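If you want the building blocks of each chain, they are given just below.
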Amino acid sequence: MNVEDFTEIFSQLDFLCLTMPRKTAENFLSFVFGLILASENSINRMADLFDGELHQSTLNRFLTTCSISTAKLLECYRNWLASLPTSTEPIYCIIDDSTLHKSGKLLPGAHYDYDHTNNAVCWGQKVVICLLKSAGKEFPFGIELYEKFAKNFRSKIDWANELIADVLKYFPTGNIIVLFDSWYCCIKLIEKLPAGIGWVSKLRRNRLIRVGVGGHWMPLKEFIRGVKSWEYRKATVDGKAYWCYETLAEVKNLGTVKLVLTKISRHARRVSAVLVTNMTDKRMGELICHFSQRWCIETCIRTAKQSLGFESCMVRSKKALRRYWFLLMLAYALLSHLKKSVISKAKTLGDVISYLKKSFSKLREGFFYLIKYHVSEIFAKAYC
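So, a few notes on the structure that sits alongside this text. For clarity, every value in this text was computed on a predicted model and none was experimentally measured.

1. A word on the overall build of the protein chain
In step 1: Check the secondary structure of the protein chain and you find 14 helices and twelve strands.
In step 2: Over its C-alpha atoms the protein chain spans a radius of gyration of 23 Å, differing by no more than 12% from the 21 Å that the globule rule assigns to 384 residues.
In step 3: Along the first, second and third principal axes, the C-alpha set of the protein chain runs to 75 × 45 × 35 Å.
In step 4: A buried classification covers 53% of the 384 residues belonging to the protein chain.
In step 5: Just so you have it, the protein chain exposes about 18700 Å², and 51% of that area is on carbon and sulfur atoms.

This is the structure:
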């Protein structure tokens with residue numbers, strides 16, 4: 001990758017650079033690429049990338065005291081997402097939450113909470129995340145802080161509802177399918193979805209269901225035991241075979257929905273998952289294909305933690321925290337765009353990061369001057 005290639009990558013963020021003063025735009029680009037290229041996601045390591053041309057305190061001030069509005073930048077970013085070329089594929093709106101392990105007691109929203117990934121109670125921040133996926137590209141749409149002891153308490157369901165409502169503002173006519181896990185499968189979230197919006201989730205096995213007219217209420221796990229192996233049918237999704245049983249049922253506090261029981265083989269004793277959806281006209285293979293897209297939010301969170309410093313940000317103000325999360329979302333969106341459009345040989349975002357780091361190592365000296373030159377060029381063209 002040469003100078004022209006890096007300039008082409010910088011140009012992907014011109015729509016944001018032009019909303020801020022020139023010097024701020026330089027610091028903005030430096031911070032985004034510092035997140036991607038630094039060996040450790042600390043501001044000190046990010047400043048080291050620029051060989052003394054950009055000081056650590058400059059990046060700190062950009063994060064904590066810069067007057068540019070993060071809400072305005074987020075609005076520009078979401079408008080950019082809405083302006084991207086569309087395809088006939090659905091836009092998947094994926095909701096999940098994650099625990100960011102922390103060590104400081106004065107961090108915003110930090111509290112003790114159960115982390116199911118480690119099966120332990122840990123100290124950290126809980127966040128609700130919304131990811132959009134369409135045509136092979138993944139773009140973080142929003143990250144919200146769940147504050148357990150806030151005066152104006154908002155539950156994770158409340159934040160999920162707000163994020164979905166924001167998505168529908170920017171994609172009002174899109175073919176949107178909402179995906180979430182069993183924790184979010186509740187009437188408080190589903191009743192907020194507009195008519196015509198499809199959703200797919202997993203269903204917990206302690207939920208009460210009723211099948212058929214005049215049927216009695218029973219736990220889902222009891223119903224599963226009553227389905228015979230010969231009633232399962234084979235469905236192939238992306239070359240992988242599933243054995244499925246589908247039925248319409250009424251779920252307590254959820255209404256009439258379609259259930260899809262899936263197993264890895266017809267005679268497997270254990271049902272792998274129970275999917276639930278309001279798209280009762282869809283075939284079971286389609287529903288499995290839709291829900292399989294939810295996995296990308298898990299890889300998004302893992303990549304953000306391992307490569308973009310999602311857990312390493314230890315700021316004490318909400319303003320700095322929200323700005324850091326916005327820059328992280330932007331860095332992830334840029335990587336996803338490069339993977340699909342520029343670095344087509346990359347199979348994962350980790351491959352894109354490795355490729356950029358290798359290219360940067362050949363062009364390290366003068367990298368900050370390259371950023372300054374690019375910013376000066378776009379400002380000159382914009383105001384000439």
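Still to come is the rest of the account.
2. Digging into the packing of aromatic side chains
In step 1: Per the counting criterion, the structure on display carries 20 aromatic pairs.
In step 2: On the basis of an interplanar angle of 70 degrees and a centroid distance of 5.1 Å, the ring pair of W183 and Y184 is categorised as edge-to-face.
In step 3: Y184 sits in the buried class, given a relative accessible area of 0%.
In step 4: A connected cluster of aromatic rings, assembled from ring pairs, spans F10, F33, F50, F360, F367 and F368.
In step 5: Across the ring face of W159, the terminal group of R154 is positioned such that the distance to the ring centre comes to 4.3 Å.

3. A short note on the nonpolar core
In step 1: Core analysis: the largest hydrophobic core is formed by 139 residues, its most contacted members being F28, F31, W199 and L259.
In step 2: If you tally residues by element for this core, the top one is helix α12 (residues 318-341), at 15 residues.
In step 3: Once you skip the residues sitting within four places of it in the chain, L259 turns out to touch L203, I209, L220, Y245, E246, T247, A249, V251, L275 and V276.

4. Brief notes about helix α6 (residues 70-83)
In step 1: Helix length check: α6, at 14 residues, gives a terminal C-alpha distance of 20 Å against a target of 20 Å (1.5 Å per residue), a fit within 8%.
In step 2: Elements in contact with the buried residues of α6: α2 (14-17), β4 (137-146), α7 (156-170) and α12.

5. Brief notes about the side chain of R323
In step 1: Topologically, R323 is positioned in helix α12.
In step 2: Within the buried set, R323 has no salt-bridge partner at all; the shortest N-O distance to an opposite charge, 14 Å, is to E75.
In step 3: Ignoring anything within four residues of it in the chain, the contact list for R323 reads F62, L63, C66, I68, S69 and T70.

6. Here we look at the pattern of salt bridges
In step 1: Going through the model one piece at a time under the given rule, you end up with 17 salt bridges.
In step 2: The partner of K23 in a salt bridge is E26, with the nearest N and O atoms 3.4 Å apart. On the criterion of helical spacing, the pair formed by K23 and E26 is a turn pair, its members being three residues apart in helix α3 (residues 22-37).
In step 3: K23 gets classed as partly exposed once you look at its relative accessible area, which sits at 47%.
In step 4: Given the relative accessible area of 3%, E26 is considered buried.
In step 5: Between E147 and K318 there is a salt bridge whose closest N-O contact spans 2.9 Å. Taken together, the residues span a long stretch of sequence, with E147 in the loop between β4 and α7 and K318 in helix α12 at a distance of 171 residues.
In step 6: Ionic contacts of the salt-bridge type, sharing partners, join the residues D97, D113, K126 and K156 into one network.

7. Focus: the environment of G239
In step 1: Positionally, G239 belongs in the loop between β9 (233-237) and β10 (240-251).
In step 2: G239 sits in the exposed class, given a relative accessible area of 74%.
In step 3: Considering only alpha carbons, one finds G239 and V213, 26 residues apart in sequence, at a separation of 37 Å.

8. Some remarks on the environment of S42
In step 1: In this structure, S42 sits in the loop between α3 and α4 (43-48).
In step 2: Between the C-alpha atom of S42 and that of T7, which follows or precedes it by 35 residues, the distance is 25 Å.

9. Quick word on unusual backbone geometry
In step 1: Despite not being glycine, N119 has its phi angle at roughly 55 degrees, a positive value.
In step 2: By secondary structure assignment, the location of N119 is in the loop between β2 (111-115) and β3 (120-134).
In step 3: In this structure N119 comes out as exposed when scored by relative accessible area, which is 59%.
In step 4: The phi dihedral of N253 falls on the positive side, at around 65 degrees, and the residue is not glycine.
In step 5: Owing to a relative accessible area of 59%, N253 belongs among the exposed residues under this scheme.

10. Points about the environment of N161
In step 1: Inspection of the secondary structure puts N161 in helix α7.
In step 2: Overall, N161 belongs to the buried group, its relative accessible area being 14%.
In step 3: Distance in space between the C-alpha atoms of N161 and I190 is 8.8 Å, their sequence separation being 29 residues.
In step 4: N161 has contacts with K188, L189 and K192, leaving out every residue within four places of it along the chain.

11. As for the pairing of β10
In step 1: Bridge analysis of strand β7 (residues 208-210) against β10 gives two bridges, and the strand direction is antiparallel. Paired with I209 across the strands is V251, a residue of β10.
In step 2: Bridging between β9 and β10 involves five bridges; their strand directions are antiparallel. Looking at β10, one finds that V237 is bridged to K240.
In step 3: Connecting the antiparallel pair β9 and β10 is a turn made up of two residues, with D238 showing a positive phi of about 55 degrees.
In step 4: Here β10 pairs with strand β11 (residues 255-263) via nine bridges, running antiparallel. The residue of β11 that forms the bridge with V251 is G255.
In step 5: Two successive antiparallel strands, β10 and β11, enclose a turn made up of three residues, where N253 displays a positive phi of approximately 65 degrees.

Definitions and cut-offs
Residues numbered from 1 in each chain as written. Predicted model: local features only at pLDDT ≥ 70, side-chain atom pairs only at ≥ 80, totals over all residues. Heavy atoms only, no water. Helix = DSSP H or I, 4+ residues; strand = E, 2+ residues; numbered from the N terminus. Rg over C-alpha atoms; globule rule 2.2 N^0.38 Å. Buried < 20%, exposed > 50% of the residue type's maximum accessible area, 1.4 Å probe, protein only. Areas by Shrake-Rupley, 256 points an atom, 1.4 Å probe, with all protein chains shown as cover. Phe/Tyr/Trp six-rings, centres within 6.5 Å; stacked < 30°, edge-to-face > 60°. Lys NZ or Arg CZ within 6 Å of the ring centre and 35° of its normal. Core = buried A, V, L, I, M, F, W, Y, C linked by side-chain atoms within 4.5 Å. Contact = heavy atoms within 4.5 Å. Expected span 1.5 Å × (residues − 1). Lys, Arg positive; Asp, Glu negative; His and termini not counted. Salt bridge = Lys/Arg side-chain N within 4 Å of Asp/Glu carboxyl O. Pairing = 2+ DSSP bridges.

Any functional reading would require information that these geometric values do not contain.
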